[in-house]
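Letter by letter, the chains look like this.
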Amino acid sequence: MTLAFSDFESVRVPVAPGVELSAAVGGSGTPVVLLHGFPQTRLMWRRVAERLAGEHTVICPDLRGYGASDKPAAVDEEVYAKRTMAADVVALAGALGHEQFALVGHDRGALVAFRAGLDHPETVTHLGILDIVPTLDMWNVLRGVSASVGYHLYLMAQPPGLPETMIANSADAFFGSFLDAWAGDPAAMPPAVRAEYLRASAAAVPSIVADYRASAGIDVVHDQADLDAGTQLAMPVTVVQQDWGAQLGYDAAGVWRAWAPDLDHRLTRAGHFMAEEAPDEVAAAIRELLAR
């Protein structure tokens, strides 16, 4: 099977000093940017992107620190702050000629999209979120033994050194465990695609850990500042997620409603990798978001 997007062009775009993002760009029409999650690359959007390309210009970057994009050293916590990664995405779209765009993110990409929506309300016209709650809320809802579902969050929050060594020494087992455990339909991720995710993740251990470490530090600070200031998402927001509220004992829609007054909150029967497992459902949700 091909690992390229059909009829999409691969581009590299400078977005910050010394940092370029690699992206797949295709289609025509109003722009939609799709941000991937962990432990994946832009390849996760292949099915959804091809469904949207007949109506929209679709931009699928590898995030800073992932895939074919640059992986700067984490010389300080700002390098992989979601604020910095969100600025990358805004710069990418602007360089491609789009001063405004709709933004949809999954997992880690959804955290970047959330931050972009708060920091750049004049730029992000519509916001789609797949299978997360905001960083600040994520830490608040993980309690007791139920928090074991997010053990990797705690591992990668540790000071530099040990997490990187442990993960690098068992990269395929570590990253593969999430691809297996979180999949609702393993057949939706063919062996060649799974192998590419493992290859790309093993090549990016320090930057992936730095991304997660930021979410136990500077990202919490940024979210708390916005919460204290009463900052909310100004654009229409659609959240599609598994029923984590029932599993972890919290009101998921309520968590999101505090941030997003114009909210469409949906539950899915698909697994975590819903863009691959249920591309028609995800593409439909995005189309309905863009119609609001």
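Scroll up for the structure.
Summarised in this report is the structure supplied together with it. This is a predicted model, so every value here is computed, not measured. (Residues numbered from 1 in each chain as written. Predicted model: local features only at pLDDT ≥ 70, side-chain atom pairs only at ≥ 80, totals over all residues. Heavy atoms only, no water.)

### Overview of the overall build of the protein chain
Logical step 1: What the protein chain contains, in helices and strands, is 14 helices and eight strands.
Logical step 2: For a compact globule of 292 residues, the expected C-alpha radius of gyration is about 19 Å, and the protein chain comes in at 17 Å, within 12% of that figure.
Logical step 3: Overall, the C-alpha framework of the protein chain stretches about 45 × 40 × 40 Å when taken along its three principal axes.
Logical step 4: Partitioning the intrachain contacts of the protein chain with sequence separation of at least 6 by distance along the chain shows that 75% fall at a separation of at least 24.
Logical step 5: Accessible area for the protein chain stands at about 11,200 Å²; split by element, carbon and sulfur atoms hold 56% of it.
Logical step 6: Both charge centroids of the protein chain, one from 20 positive and one from 36 negative side chains, sit 3 Å from each other. (Helix = DSSP H or I, 4+ residues; strand = E, 2+ residues; numbered from the N terminus. Rg over C-alpha atoms; globule rule 2.2 N^0.38 Å. Contact = heavy atoms within 4.5 Å. Areas by Shrake-Rupley, 256 points an atom, 1.4 Å probe, with all protein chains shown as cover. Lys, Arg positive; Asp, Glu negative; His and termini not counted. Charge placed at Lys NZ, Arg CZ, Asp CG, Glu CD.)

### Some thoughts on helix α2 (residues 82-95)
Every α-helix carries 3.6 residues per turn, so stepping three or four residues along brings you back to the same face.
Logical step 1: Between its terminal C-alpha atoms α2 stretches 20 Å, which fits the 20 Å expected from 14 residues at 1.5 Å a residue.
Logical step 2: Among all positions of α2, only Lys82, Thr84, Met85, Ala86, Asp88, Val89, Val90, Leu92 and Ala93 are buried.
Logical step 3: Count one or two residues on from α2 and you reach Gly97, which has phi positive near 95 degrees. (Expected span 1.5 Å × (residues − 1). Buried < 20%, exposed > 50% of the residue type's maximum accessible area, 1.4 Å probe, protein only.)

### Section: the sheet that holds strand β5 (residues 101-106)
In sheet architecture, strand pairing relies on hydrogen bonds along the backbone and comes in two forms, parallel and antiparallel.
Logical step 1: An order of β1-β2-β4-β3-β5-β6-β7-β8 is seen for the eight strands of this open sheet, with the pairing classed as mixed. Looking at which strands have only one partner, the edges of the open sheet turn out to be β1 (9-16) and β8 (263-267). With direction set aside, neighbouring strand axes in the sheet form an average angle of 20 degrees.
Logical step 2: Sheet analysis places strand β6 (residues 124-130) next to strand β7 (residues 237-241), joined by four bridges and oriented parallel. Bridged to Leu130 within β7 is Val240.
Logical step 3: The sheet contacts of α2 involve β1, β2 (19-27), β3 (30-35), β4 (56-61) and β5, and relative to β1 the element is tilted by about 120 degrees.
Logical step 4: Together, β3, β4, β5, β6, β7 and β8 form the strand contacts of helix α14 (residues 279-290), whose direction differs from that of β6 by roughly 150 degrees. (Pairing = 2+ DSSP bridges. Axes fitted to C-alpha atoms, helices over the stretch in contact; angles between N-to-C directions.)

### Describing the pattern of salt bridges
Where charged atoms from two side chains of opposite charge approach closely, those side chains can pair.
Logical step 1: Overall, the coordinates contain 20 salt bridges when judged by the stated rule.
Logical step 2: Here Arg12 ties to Glu20 by a salt bridge, and the two come within 3.1 Å at their closest N and O atoms.
Logical step 3: Residue Arg266 pairs with Glu288 through a salt bridge whose shortest N-O separation is 2.3 Å. Of this pair, Arg266 sits in strand β8 while Glu288 is found in helix α14, placing the two residues 22 residues apart along the sequence.
Logical step 4: Look at the salt bridges and you will find they share partners, linking Arg83, Arg115, Asp119, Asp223 and Asp226 into a network. (Salt bridge = Lys/Arg side-chain N within 4 Å of Asp/Glu carboxyl O.)

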